[in-house]
Amino acid sequence: MAVEHPVAPSGDQSRIHNIGYRSYDGPRLGRAYARRSLYSQSLRGAYGLGRSVKSKVLPMLLFVVICVPAAIMVAVAVATKAKELPVDYTRYAIIMQAVISLYVASQAPQSVSRDLRFKTVPLYFSRPIETADYVRAKYAALASALFVLTAAPLLVLYVGALLAKLDFADQTKGFAQGLVSVALLSLLFAGLGLVIASVTPRRGFGIAAVIAVLTISYGAVSTLQAIADAQGSTGSIPWIGLFSPVTLIDGVQSAFLGAASAFPGGVGPTNGEGVVYVLVVLGLIAASYGLLIRRYQKVGL
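In short, a report on the structure. (Residues numbered from 1 in each chain as written. Predicted model: local features only at pLDDT ≥ 70, side-chain atom pairs only at ≥ 80, totals over all residues. Heavy atoms only, no water.)

This brings us to the packing of helix 1 (residues 30–45) against helix 6 (residues 131–163). It is the contact of helix 1 with helix 6, at a shortest axis distance of 8 Å, that shows an interaxial angle of 35°. Along this stretch, helix 1 crosses helix 6, giving a crossing that reads as right-handed. In contact with Arg31, Arg35, Leu38, Tyr39, Gln41, Ser42 and Leu43 of helix 1, helix 6 contributes Asp133, Tyr134, Ala137, Lys138, Ala140, Ala141, Ser144 and Ala145. Considered class by class, the residues forming the contact of helix 1 with helix 6 number eight nonpolar, three polar and four charged. (Axes fitted to C-alpha atoms, helices over the stretch in contact; angles between N-to-C directions. Helix = DSSP H or I, 4+ residues; strand = E, 2+ residues; numbered from the N terminus. Left-handed = near helix turned anticlockwise from the far one by under 90°. Contact = heavy atoms within 4.5 Å. Nonpolar A, V, L, I, M, F, W, Y, C, P; charged D, E, K, R; others polar.)

Below, the structure is given as C-alpha cells:
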C-alpha cells in the first residue's frame, strides 16, 4: 500500500502578527535615578516602611527605646531647673551602644541578605545600574538610617536643653560635636554590618555574626582594659581600644571632640594616639566599601 507524503507548501508562508505591543518611548531616567530609587527603597525598608506590620515592629521599637531615656532626662532637667544635662551629647551613643548594635544586626541582613538568598542581585545589574551603584545605595541607606536613629535622641536633648534655658552656645557646640560623633559611628557600623551580612544569604546567621562582632568585641576590649587598669598598665588602655568599633568611636571623640572618655580610669587617647584612632576608623570604612565592591562583583555574575 502506497504511503502518501504531505506536499510542502510552495513559497514563504511566514506571517508577522501585530498583537498590540508598543515600544517604550518615555524618558530614559538612567543610572542616577535607579541609584536614588534603590537608596530610597532601602532606607524605607530599614524602618519597615512599605513592608508588613511585622517588619516595622523591631526598628520602630528600637527607635522609641533609644529616644525615651533622652526624653526622661529632658523632663528631669526642665522640672528641676538643672544647670546642665545629665549626659553629654557625645556620651549618649556610647551608653546606648547595645541598642545601636541590635539595630545594625537586624537591619543589615534585611538590606542585603534577601537579595542574596533569592538571587535577585543579577536582576539589579541587568538594568542601567552597576556594582558600585548598588553598594553605594545600600551603604548610604543603612548609614542614613543609623544616623536618624542616633541623632534623634540628641535632638531631643538639645531641644530640651533650650527649653530648660541652658546656655545656648554651650549646648549648640555640644550638639554639633555629638552629631559629628554619631555620623562617624553610622558610617563605621553600617560598613561593618553590611560586609558581615553580605557573606551569607541566611538572615539568622547574619544577625548572629553582626552581634558577635559589635557586642562581643566591645565586651572583650572593655574587660582587657579593666585588667590593664587594675595592673597599672594605663599606657596600654588606649591601644587595646583599637580593637572594638565602639571603643574606636569613644577614642576619636575623647581625643578631638572634647568628650569624656569611657575607658577605665578615664584614660583616653592622647592627640597622637587619637590620630591613629581616626586613621583606623577611616581605614575600616574604606575597607568595608572595598570589600562590598569585591563581593558584589562576584555575586552579580
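Right, let's get into the environment of Leu61. One can find Leu61 in helix 2 (residues 53–80). Taking the C-alpha atoms as reference points, Leu61 and Tyr47, 14 residues apart in sequence, are found 9.9 Å from one another.

What follows is about the pattern of salt bridges. Tallying each qualifying case throughout the model produces four salt bridges. The partner of Glu130 in a salt bridge is Arg31, and the shortest N-O contact between them spans 3.8 Å. Of the two residues, Glu130 is situated in the loop between helix 5 (121–125) and helix 6 and Arg31 in helix 1; the sequence distance between them amounts to 99 residues. For Arg31, a relative accessible area of 34% puts it in the partly exposed group. Because the salt bridges share partners, they merge into one network encompassing Arg31, Arg35, Glu130 and Asp133. (Salt bridge = Lys/Arg side-chain N within 4 Å of Asp/Glu carboxyl O. Buried < 20%, exposed > 50% of the residue type's maximum accessible area, 1.4 Å probe, protein only.)

Each aromatic ring pair is described using two quantities: the centre-to-centre distance and the angle formed by the ring planes. Taken as a whole and assessed by the stated rule, the structure comprises five aromatic pairs. When the centroid spacing of 6.3 Å and the interplanar angle of 85° are considered together, the rings of Tyr47 and Phe63 count as edge-to-face. On the criterion of sequence distance, the pair formed by Tyr47 in the loop between helix 1 and helix 2 and Phe63 in helix 2 is long-range, its members being 16 residues apart. Accessibility expressed as a relative area gives 8% for Tyr47, which makes it buried. Judged by its relative accessible area of 24%, Phe63 is partly exposed. Taking the centre distance of 6.1 Å and the plane angle of 65° together, the rings of Tyr89 and Phe175 count as edge-to-face. With Tyr89 in helix 3 (residues 89–95) and Phe175 in helix 7 (residues 168–197), the pair connects residues that are 86 residues apart, well separated along the chain. (Phe/Tyr/Trp six-rings, centres within 6.5 Å; stacked < 30°, edge-to-face > 60°.)

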